[in-house]
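# Remarks on the overall topology
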Amino acid sequence: MNARDAGALAPLRAKRKASPGSVRRAFQPWNDPAAEPLVVFRNVTKRFDTVTAVDDLSLALYPREFFALLGASGCGKTTLMRMLAGFEQPDAGEILLDGVDITAVPPHRRPINMMFQSYALFPHLSVGDNIAYGLRREGLPRQEITRRVAEMLALVKLDGLEKRRADQLSGGQRQRVALARSLAKRPKLLLLDEPMAALDRKLRESTQFELMDLQSELGLTFMVVTHDQDEAMTMADRMAVMNHGRLVQIGPPDEIYEAPTSRYVAEFVGDINILEGRVASVTGEIVRVETAIAGAVELDEEAASLAAGETIFVGLRPEKITLSHDEPVQAVNKVAGEIWDIGYLGDFTMVQVMVGGDDGQLLKVALANRTRRIERPFAWEDRVWLSWDVEAGLVLPP
Amino acid sequence: MGSSVRGLKGLATAIALGWALVSGTAASAQDKQLRIFNWSDYVDPEVLDAFKKETGITVVYDTFDQMETVETKLLAGKTGYDLIVVTASFLPRHIPLNLYTPIDTAKVPNLKNAWPEIQQRLAKYDPGNKFAVNYMWGTTGIGYNVAKIKERLGPDAVIDSWRILFEPDQLKKLSNCGVHVLDAVEEMFPAALRYLGLNPDSKNEADLNKAGELLRKIRPHIQKFHSSEYINALANGDICLAVGYSGDILQAKKRAEEAKNKVEIAYSIPKEGALMWFDSFVIPKDAANPDAALKFIDFVNRPEMAAKNSDFIQYANGNIASKPLLSAAVRDNPGIYPSEAVMSRLYTITPYDQKSQRVVNRLWTRIKTGK
Amino acid sequence: MRTGNAPTRRLGRLVVAVPYLWLLLFFLAPFAIVLRMAFSDAATDLPPYAPHFQGFSQLGEFIAALDLENFRLLGDDPLYWQSYLYSLRIAALTTLIALAIGYPLAYAMASAPRRWQSLLLVLVILPFWTSFLIRVYAWIGILRPEGLLDMVLAGTGVTSEPLRLLNTEAAVLIGMVYSYLPFMVLPLFATLQKLDRSLLEAAADLGAPAWTAFATVTLPLSIPGILAGSALVFIPAVGEFVIPDLLGGPDTVMIGKVLWSEFFSNRDWPLASAVAVVLLFVLVAPLALLQRARLTRGGAA
């Protein structure tokens, strides 16, 4: 990258692609056996006293990838990132960068930069000096530093604030300074630790898109650690769900959401109704499952591994269920129930329906609010029908 | 209800009673209390007990270890004491300021035992012996570490003259062994004047300059100018020689003996003569109980009490009648009770006037700082 | 609403007034007394200076009798300004040595595990639980010829002759640094403990090796602690009297000792007061400069 590129980057917002997800669909280096990974974790384990924070974990990140690491607090995601930055040493395994083992390389020699959750801006330095800090350590000539600082300030749209001190900035501005500082050295890999945690919701959304644009325009590799699934799904090309020091599932966000391979992932990412049942029959691609609550349901699933009589869980996302007062005669999967609760959330309404009698199970149904009508078609204690397509349900191992 | 009222009444009675008790004892405590301010380690506790037993007067006994402490209290106007032991050289400055109550000699019959020679010398500071009654007296001489002096000056060395201090060639031999002198112009200048054969009481500026010159020459060999450090330093064996008060040096000797640290300290009154000092009782103007103070002065001037005190603290007292009652160790110690001949060579000085005081102060500061 | 607030506001004003009243009573009033004494002359009187205030009718004569004579003497006699300079020198050396020892100490304490920190803090404060005088006396025992230090040095074969440190400037410095070290360590520790460790990680992340991270992040961020600690050591060190008196010799004449002997030995209360007044200004001047430097630094940012 050079100065002219930076100039061209200025109106980033206008150039943002309509739907990042669809554009990036073609970008799948992890499916390309010839692709060289940028970062490789090979059987990495890290323990703190008796707690195993990272447990025999292996992972490959690819150049230009926007990777999100999602997990509940304490799952080991931060430790994983800190090992990559060099602040923690793995107890076992190795970490490769561009094919070179960097396990023993101290943090200040790694071509990896990190944006800290607290931003960790130097309070005694101005915005400009904060951004220049890494460049000064490289011993770059003065003019080059000045030029790069100006370039970074333009990139994060903080032109003119160079002389300000960190404590004179707003939260959003501080985040931009932190970003500019970590980008100034043009790292091969940028680590972002909960980058949006300190921002309010509106700012968070716009910043997410800006980050994505920056990443794709600069051609950098980003790894974000977050506990916020929306953030991960919005930004990432690929995400991993981590639990108890292990990666439970890795894949593009839509795959994680629509095809979770475990009950943990299905429940952790998004809302889901879980029905317990037994496989009644497998006919071609149709699986019939006998559930206690909703009777027999049919699923369209590649279910070669399933055998009749096996106990499984059926997952149903709330937005994939249709609600009606009259029985949907055509529907294959349907169950009757009573509305116990209605939660209005603005863009949609979450309805809780008790099925299988008063001691049955509450199922969540998401209704998109397509009109501004205040009087809604459903009310508390309404007797209603729930129905869904055969493609809607997913089979989860017990 | 009834019981609580009774309880309150009882409480009120108790408070009233308590108040009467407190105020009553306070009033009688005024009469029955004597507040003394004296140098530390300067009385036999048994004498205090005997006084209390006989008179029923409680003694509140406070101590100081610097005359300056007392003087500052006196000059500030209020001491809170009934009886103070002060050094006589301060009296000429204090008496005109009306700080003290004259001694009512009629109430101190034991003053008949006073040592006339001491009285007469003390009169130089307190004309007519009106305000001060001598308690203890002593000299300013040379204390030394016997073994170390022999080591440096040879086995036959005798310390009996100011020569060891005022001859730079002599003192030089002791300089890395440690020499302390008093940080007091009124002690050091008279000694220097006496050694030069001049009047130790001279206030003549030329004489004072000569003495200053002499002191300046020996200064490089002096480790410390201090008026109390030498007691510990001698007792610990840290220094060879100190110019100090007889009582302090004898105290250092006692401490060394008690510590059994094989340090032997001796005191010598130089043959050229030495300055005599007097610690005397005075009654401050604001004394609340001057009668008790007079009673105490009378009590300690009983020959047996004076002897008891001297035996205990190892100082010579101003009570001639006590001399036969003293223990031999004290009476026969020439450092405490010098011979007639030595006695005749002891001198006293009068205080400096404002002008000569500034002259000697400047000289002294210059000597000490070597500037 | 407004009337209801009035008593509260009055109370608020009263609360604000308390510290000012305190300053007036316990700082300004004594200072005024000392200043008035400094303009007087020494006299054989009670108290020992003249003139005395004889009531407002003679106010004119009273003021006419005050003069600057004592201050003139302080300027004329090299003894005094040399003592001031010497005191400043000793205080500066004490501050520097205390900083050199105190900084690593405070740094190590701040880096220690949390559960140890309170124990370490207690260890630093522990000497305060014994009398200051006794601690200085203990140094006499250590530094005196054939004392503890000599015994250890001779025992290990480092020296054969006694060092004779007692009553030298070195002894004074040892005593001063020892006595004032906690005043340096405590503010430094407070500053360093507050230091956000992620700043050091950020520095390392941006390519700074440990030493550079210290020099560019830790050190500048601990400047408030350095300034506070230095002020706490320097100011009392300039006026220190006991330590040079006990551990020093004839060469270590600090201004505190000069003041003492003017007041007590020479009974020259006015001159002693003048010494004290000048000492106050000698101390206030660097503090005012420091404050100004801090203000301009804040203003420029």
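Residues numbered from 1 in each chain as written. Chains lettered and ligands numbered in written order. Predicted model: local features only at pLDDT ≥ 70, side-chain atom pairs only at ≥ 80, totals over all residues. Heavy atoms only, no water.

### Observations regarding helix 17 (residues 354-369) of chain B
If you check helix 17 of chain B, its first and last C-alpha atoms are 23 Å apart, about what 16 residues at 1.5 Å a residue would give, namely 22 Å. Along helix 17 of chain B, the residues that are buried comprise Ser356, Gln357, Val359, Val360, Asn361, Leu363, Trp364, Thr365, Ile367, Lys368 and Thr369 of chain B. Turning to helix 17 of chain B, the residues buried within the fold contact helix 4 (91-94), strand 6 (179-181), helix 9 (185-195), helix 10 (205-218) and strand 7 (224-225) of chain B together with helix 4 (78-111) of chain C. For helix 17 of chain B, the N-terminal cap is Asp353 of chain B; the gap from its side-chain oxygen to the backbone nitrogen of Ser356 of chain B is 3.0 Å. Of the residues flanking the end of helix 17 of chain B, it is Gly370 of chain B, one or two places downstream, whose phi is positive at about 70°. (Helix = DSSP H or I, 4+ residues; strand = E, 2+ residues; numbered from the N terminus. Expected span 1.5 Å × (residues − 1). Buried < 20%, exposed > 50% of the residue type's maximum accessible area, 1.4 Å probe, protein only. Contact = heavy atoms within 4.5 Å. Polar contact = N/O pair within 3.5 Å; in protein donor to acceptor, adjacent residues only side chain to side chain.)

### Quick word on the packing of helix 11 (residues 229-236) of chain B against helix 12 (residues 246-259) of chain B
Residues and elements named next belong to chain B. Their axes nearest at 8 Å, the elements helix 11 and helix 12 cross at an angle of 35°. Along this stretch, helix 11 crosses helix 12, giving a crossing that reads as right-handed. Of helix 12, the residues touching helix 11 (which contributes Tyr230, Ile231, Asn232, Leu234 and Ala235) are Asp248, Ile249, Ala252, Arg255 and Ala256. Considering only residue class, the contact of helix 11 with helix 12 consists of seven nonpolar, one polar and two charged. (Axes fitted to C-alpha atoms, helices over the stretch in contact; angles between N-to-C directions. Left-handed = near helix turned anticlockwise from the far one by under 90°. Nonpolar A, V, L, I, M, F, W, Y, C, P; charged D, E, K, R; others polar.)

### A word on the nonpolar core
If you look at the biggest cluster of nonpolar residues, it comprises 126 residues, and the most contacted ones within it are Leu165, Phe189 and Leu241 of chain B. Each of domain 1 (32-131 + 278-337) and domain 2 (139-274 + 350-369) of chain B gives at least three residues to this core. The residues contacting Phe189 of chain B, other than those within four sequence positions of it, are Leu208, Ala211, Gly212, Leu215, Tyr352, Val360, Leu363, Trp364 and Ile367 of chain B. Core analysis: the next-biggest nonpolar cluster, separate from the first, contains 52 residues, Tyr86, Val124, Met176 and Leu181 of chain C among them. (Core = buried A, V, L, I, M, F, W, Y, C linked by side-chain atoms within 4.5 Å. Domains from an automatic or database assignment.)

### A closer look at the domain arrangement of chain A
Residue and element names in this part refer to chain A. Assigned domains within chain A: domain 1 (3-111 + 187-265) and domain 2 (271-396). Placing a centre on the C-alpha atoms of domain 1 and another on those of domain 2 gives a separation of 34 Å. Of all residues in domain 1, Tyr257, Glu258 and Arg263 bury the most surface against domain 2, accounting for 76% of the area lost on that side. In this assembly, domain 1 and domain 2 are joined by one salt bridge. With a closest N to O distance of 3.1 Å, Glu258 and Lys320 form a salt bridge. Summed over the shared surface of domain 1 and domain 2, the result is three residue pairs in polar contact (both at pLDDT 80 or more). Residue composition of the side of domain 1 that touches domain 2, grouped by class: three nonpolar, one polar and two charged. (Buried area = accessible area lost by both parts, 1.4 Å probe. Salt bridge = Lys/Arg side-chain N within 4 Å of Asp/Glu carboxyl O.)

### Structural notes on the pairing of strand 11 (residues 273-283) of chain A
Residues and elements named next belong to chain A. Two strands pair when backbone bridges link them, and strand 11 and strand 14 (residues 311-316) are joined in this way by six bridges, in the antiparallel orientation. If you follow Ile274 over to strand 14, its bridge partner there is Gly315. Sheet topology note: the strand 11/strand 12 (residues 286-291) ladder contains six bridges and is antiparallel. Directly across from Ser281, in strand 12, lies its bridge partner Arg288. Two successive antiparallel strands, strand 11 and strand 12, enclose a turn made up of two residues, where Gly284 displays a positive phi of approximately 60°. (Pairing = 2+ DSSP bridges.)

### Structural notes on the state of the cysteines
Residues and elements named next belong to chain B. Per the stated rule, a full pass over the model turns up one disulfide over all chains. At a sulfur-sulfur separation of 1.5 Å, the disulfide partner of Cys177 is Cys240. Across the S-S bond linking Cys177 and Cys240, the dihedral sits near 70°, which makes this disulfide right-handed. Separated by 63 residues along the polypeptide, Cys177 in the loop between helix 8 (168-172) and strand 6 and Cys240 in the loop between helix 11 and strand 8 (241-245) bring together distant segments of the chain. With a relative accessible area of 0%, Cys240 lands in the buried category. (Disulfide = S-S within 2.5 Å.)

### A few points about the environment of Ala232 of chain A
Residue and element names in this part refer to chain A. Considering the arrangement of structural elements, one finds Ala232 in helix 9 (residues 229-235). Taking C-alpha positions, Ala232 is 20 Å from Phe41, a pair spaced 191 residues apart along the chain. Residues within four places of Ala232 in sequence aside, it is in contact with Ala68, Leu70, Thr226 and Met239.

### Notes on the interface of chain C and chain B
Counting residues at the interface gives 35 residues for chain C and 35 residues for chain B. Of the roughly 3,000 Å² buried between chain C and chain B on both sides combined, carbon and sulfur atoms contribute 47%. When residues of chain C are sorted by the area they lose upon contact with chain B, Leu46, Pro250 and Arg267 of chain C head the list and together hold 21% of the total. Residues Arg366 of chain B and Asp77 of chain C are paired through a salt bridge, measuring 3.3 Å at the closest nitrogen-oxygen approach.

### A word on the sheet that holds strand 8 (residues 221-226) of chain A
Consider a sheet: its strands pair through backbone hydrogen bonds, and that pairing is either parallel or antiparallel. Residue and element names in this part refer to chain A. In space, the six strands of this open sheet follow the order 6-7-8-3-9-10, with mixed pairing throughout. With one partner strand each, in any of the chains shown, strand 6 (112-115) and strand 10 (246-251) form the two edges of the open sheet. If you compare each strand with its neighbour and ignore which way they point, the axes differ by 20° on average. As judged from the five bridges shared by strand 9 (residues 238-243) and strand 10, these two strands associate in the antiparallel manner. Each bridged residue has a counterpart across the sheet, and for Met239 the counterpart in strand 10 is Gly251.

### Quick word on the sheet that holds strand 12 of chain A
Residue and element names in this part refer to chain A. If you trace the five strands from one edge of the open sheet to the other, you get 13-12-11-14-20, paired in antiparallel fashion. Looking at which strands have only one partner, the edges of the open sheet turn out to be strand 13 (295-300) and strand 20 (394-396). On average, each strand axis in the sheet is inclined to that of its neighbour by 45°, with strand direction left out of account.

### Examining the interface of chain C and chain A
Contacts between chain C and chain A engage 19 residues on the former and 22 residues on the latter. Here chain C meets chain A over a buried area of about 1,700 Å², counting both sides, of which 62% is carbon and sulfur. Across the contact surface, chain C and chain A share one salt bridge. Among the ionic pairs, Arg82 of chain A bridges to Glu201 of chain C, the shortest N-O distance being 2.5 Å. Across the contact surface, chain C and chain A share seven residue pairs in polar contact (both at pLDDT 80 or more). At the level of secondary structure, the elements contributing two or more residues to the side of chain C that touches chain A comprise helix 9 (197-205) and helix 10 (210-221) of chain C. No other element matches helix 9 of chain C, which puts seven residues into the side of chain C that touches chain A. Class assignment for the residues of the side of chain C that touches chain A results in 12 nonpolar, four polar and three charged.

### Focus on the confidence of the model for chain A
Overall, the predicted model of chain A reaches an average pLDDT of 87, with 92% of residues at or above 70. Counted against residues more than four places away or in other chains, residues 1-24 of chain A, with its pLDDT under 50, gives 29 contacts. (pLDDT = per-residue confidence, 0-100.)

### Regarding the pattern of salt bridges
Evaluation of the coordinates by the stated rule reveals 45 salt bridges over all chains. In this structure, Lys257 of chain C engages Asp183 of chain B in a salt bridge whose closest nitrogen and oxygen atoms are separated by 3.7 Å. Of this pair, Lys257 of chain C sits in helix 13 (residues 255-265) while Asp183 of chain B is found in the loop between strand 6 and helix 9, placing the two residues in two different chains. Looking at Lys257 of chain C, the relative accessible area reads 15%, which means it is buried. Relative accessible area serves as the criterion here: at 14%, Asp183 of chain B is assigned to the buried category.

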